[in-house]
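# Structural description and commentary
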Amino acid sequence: MDNEKILIVDDDQNICELLRLYAEKDGYTVTLAHDGQKAVDCFDIEHPDLILLDIMLPSMDGWQVCREIRKKSKCPIIMLTAKGETFDKVLGLELGADDYVVKPFEAKEVMARIKAVLRRSSKQDPNEKKLVSFDKLTINLNNYELRVDGRQIDTPPKEMELIYHLASNPNRVFSRDQLLDEVWGFNYYGDSRTVDVHVKRLREKLEGVSEQWSLKTVWGVGYKFEVKQS
């Protein structure tokens, strides 16, 4: 590890110092922020490799910080939430978070999540061409651009990754758990509603565009990107 940088954002200074202690012990360079605006400012200055981001923050909450970061960067984000409610998990992942940890947590667990997320992000080859095309549809994961019938459609990162994964494996059926593991890359503790939410939003963008392909539900199993055989 070449002194990867972590930005820890939490208004609880005790939590920040505890996580800083463990992170520095593991060789990371750590920056702390205790409110949302400071987090965005620190991000612009420090350019961290990963952000640990609490939801309940002064001045700007974690959701808004995540939105601001995602406008300019795909830096991995792990959300910290004290609630652990499905709504929080789904919303965080829809906004482009890579993982979440529910408070109270063990610092060692957080460090394990950090290592896993950084390991996944480091495996991505920037020179690899990640582009698939079908009738009236182009999915370019290199620049996260979705084009439908010639028009660029604004699409959140995880929706892009989901449709790319499905379309890269046409006519293959994926269970919700497989998609969580292969697209989100972590164990979602049996809660698969986020997949349904993402598919629903993708369908709103893709429904009726072409008769040659469609995003299909396979009842009792999961989903597939169905392509008609010519």
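Further up the page is the structure itself.
Residues numbered from 1 in each chain as written. Predicted model: local features only at pLDDT ≥ 70, side-chain atom pairs only at ≥ 80, totals over all residues. Heavy atoms only, no water.

### Quick word on the pairing of strand E11 (residues 213-218)
Taken together, the six bridges between E11 and strand E12 (residues 222-227) define a ladder with antiparallel strand orientation. If you follow serine 214 over to E12, its bridge partner there is glutamate 226. Between E11 and E12, which follow one another and run antiparallel, lie three residues, and glycine 220 among them has a positive phi close to 80°. (Pairing = 2+ DSSP bridges. Helix = DSSP H or I, 4+ residues; strand = E, 2+ residues; numbered from the N terminus.)

### Considering the pattern of salt bridges
Tallying each qualifying case throughout the model produces 17 salt bridges. The partner of lysine 103 in a salt bridge is aspartate 10, with the nearest N and O atoms 2.9 Å apart. Note that lysine 103 is positioned in the loop between strand E5 (99-102) and helix H5 (107-122) and aspartate 10 in the loop between strand E1 (5-9) and helix H1 (13-25), a separation of 93 residues in sequence. A relative accessible area of 17% places lysine 103 in the buried class. Aspartate 10 sits in the buried class, given a relative accessible area of 0%. The salt bridge partner of glutamate 68 is lysine 71, with a shortest N-O separation of 3.1 Å. Assessed through its relative accessible area of 64%, lysine 71 is described here as exposed. (Salt bridge = Lys/Arg side-chain N within 4 Å of Asp/Glu carboxyl O. Buried < 20%, exposed > 50% of the residue type's maximum accessible area, 1.4 Å probe, protein only.)

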